[in-house]
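Topology and contacts: notes
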Amino acid sequence: MDRTLIALARATRGFMPEDDGLALHRAGLEAAAAGTGPLLEIGAYCGKSALYLGSAAQAAGSLLLSVDHHRGSEENQPGWEHHDPELVDPATGRMDTLPCFRRTMEQAGLEPWVTAIVGESSAVSARWRTPLSLVFIDGGHGREQAWGDYLGWAPHVDVDGLLAIHDVFPDPEDGGRPPYELWCRALASGAFAEVAACGSLRVLRRVAADV
Ligand code: SAH
Ligand code: MG
């Protein structure tokens, strides 16, 4: 991946360790080169993961769709562990990560290859019809949000396409359960087989039609 973009990713706020990000980039390159559909991520925040996936889309002449309501997850709200007061809109007092996301994509020169979809993940997935060459789940980590993302988006991964899930922690000491449960379910369904793992990132290939 381009050195300048790696440096920008380092400087961008967010929740994507570099090793996981580079593994995500490789998955994006592979999926975008092999598949016909766009790449899609759930959970944009300030664009850190979109740098890794968007640059893969650029290299393959594909497109990254980046879904986020940009109001932050529960843990990003005031008083919670991952709150950043600089991401609060002073006019309304609400979280708004969209300006930061746009700035990141502009600085990266990735605007032609990254399209933001600003909205609730389930509202978008319920109306979705386009097969996707890669889906990356990194949105809300609560049980309801995470399962909504899996059930809403996994069926749209093309057969032979890739499903990536972040924050998969087999040991409960390391982090919350829902992303790990999605990964277990994806494997148990027989629809997905693991192809790569790095840090808490898991990459699965869709091998069967029934999710
Ligand atoms: N991938 C990012 C981190 C994402 S943090 C990175 O690399 O840094 C999780 C994001 O999911 C937050 O920005 C939050 O606004 C978004 N999110 C949480 N629940 C959501 C939902 N139901 N619909 C859309 N976006 C959601
Ligand atoms: Mg994450």
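Quick caveat: nothing in here was measured; it's all calculated off a predicted structure.

**Notes on the site of ligand 1**
The full set close to ligand 1 counts 20 residues, and Gly-43, Ser-49, Asp-68, Glu-120 and Asp-138 are the nearest of them. A distance of 2.7 Å separates a nitrogen atom of ligand 1 from a polar side-chain atom of Glu-120. With respect to ligand 1, the backbone of Ser-121 contributes an N or O atom lying 2.9 Å from a nitrogen atom. Out of a free accessible area of 580 Å², ligand 1 has 97% covered by protein chains. Among the residues making up the shell around ligand 1, the classes are represented as four nonpolar, 11 polar and five charged.

**Regarding helix H4 (residues 98-108)**
Among the residues of H4, Cys-100, Phe-101, Thr-104, Met-105 and Ala-108 are the ones counted as buried. Viewed end-on, H4 has its buried residues packed into an arc of 135°, placing them on one side of the element. Opposite its buried face, H4 presents the exposed residues Arg-102, Glu-106 and Gln-107, each directed more than 90 degrees away. Looking at the residues trailing H4, positive phi occurs at Gly-109, about 70°.

**Side note on unusual backbone geometry**
Positive phi outside glycine occurs at His-70, with the angle close to 60°. Checked against the element boundaries, His-70 lands in the loop between strand E2 (64-68) and H4.

**So, the sheet that holds strand E4 (residues 132-137)**
With mixed pairing, the seven strands of this open sheet are ordered in space as E3-E2-E1-E4-E5-E7-E6. If you trace the sheet from one side to the other, it starts and ends with strand E3 (114-118) and strand E6 (192-198), each paired once. Within this sheet the neighbouring strands show an average axis-to-axis angle of 20°, counted without direction. Pairing between strand E1 (residues 39-42) and E4: four bridges, direction parallel. Within E4, the residue paired with Glu-41 across the bridge is Phe-136. Packing against the sheet, helix H3 (residues 48-60) makes contact with E1, E2, E3 and E4, and its axis sits at approximately 175° to E1.

**Details of the environment of Ala-59**
By the element assignment, Ala-59 lies in helix H3. Remark: the alpha-carbon pair of Ala-59 and Ala-32, spanning 27 residues in sequence, is separated by 8.6 Å.

**Points about the nonpolar core**
Counting 28 residues, the largest nonpolar core has Leu-39, Leu-134 and Phe-136 as the members making the most contacts within it. Mapped onto this core, the elements with two or more residues apiece are helix H1 (3-11), helix H2 (18-34), H3, H4, E4, strand E5 (157-165) and strand E7 (201-206). What Leu-134 contacts, discounting residues up to four positions off in sequence, is Ala-27, Gly-28, Ala-31, Pro-38, Leu-39, Leu-40, Leu-53 and Leu-162. Counting 25 residues, the second largest nonpolar core, distinct from the first, contains Val-67, Val-157, Ala-186 and Leu-204.

**Here's the deal with the pairing of E2**
Summarising burial for E2: five of the five residues are buried, a large majority. Of the two faces of E2, the one lined by Leu-64, Ser-66 and Asp-68 and the one lined by Leu-65 and Val-67 are each fully buried. A crossover connection joins E1 to the parallel E2 through H3; in handedness this β-α-β unit is right-handed. Note that E2 and E3 share five bridges and pair parallel. Residue Val-67 lies in a different strand from E3, and its bridge partner there is Ile-117. Regarding topology, H4 serves as the crossover connection from E2 to the parallel E3, and that connection is right-handed.

Reading the values: rules and limits
Residues numbered from 1 in each chain as written. Chains lettered and ligands numbered in written order. Predicted model: local features only at pLDDT ≥ 70, side-chain atom pairs only at ≥ 80, totals over all residues. Heavy atoms only, no water. Near = heavy atom within 4 Å. Polar contact = N/O pair within 3.5 Å; in protein donor to acceptor, adjacent residues only side chain to side chain. Areas by Shrake-Rupley, 256 points an atom, 1.4 Å probe, with all protein chains shown as cover. Nonpolar A, V, L, I, M, F, W, Y, C, P; charged D, E, K, R; others polar. Buried < 20%, exposed > 50% of the residue type's maximum accessible area, 1.4 Å probe, protein only. Helix = DSSP H or I, 4+ residues; strand = E, 2+ residues; numbered from the N terminus. Arc of directions from axis to C-beta. Pairing = 2+ DSSP bridges. Axes fitted to C-alpha atoms, helices over the stretch in contact; angles between N-to-C directions. Contact = heavy atoms within 4.5 Å. Core = buried A, V, L, I, M, F, W, Y, C linked by side-chain atoms within 4.5 Å. Right-handed = clockwise from strand over helix to strand, strands pointing away.

This is a description of form; function is not addressed.
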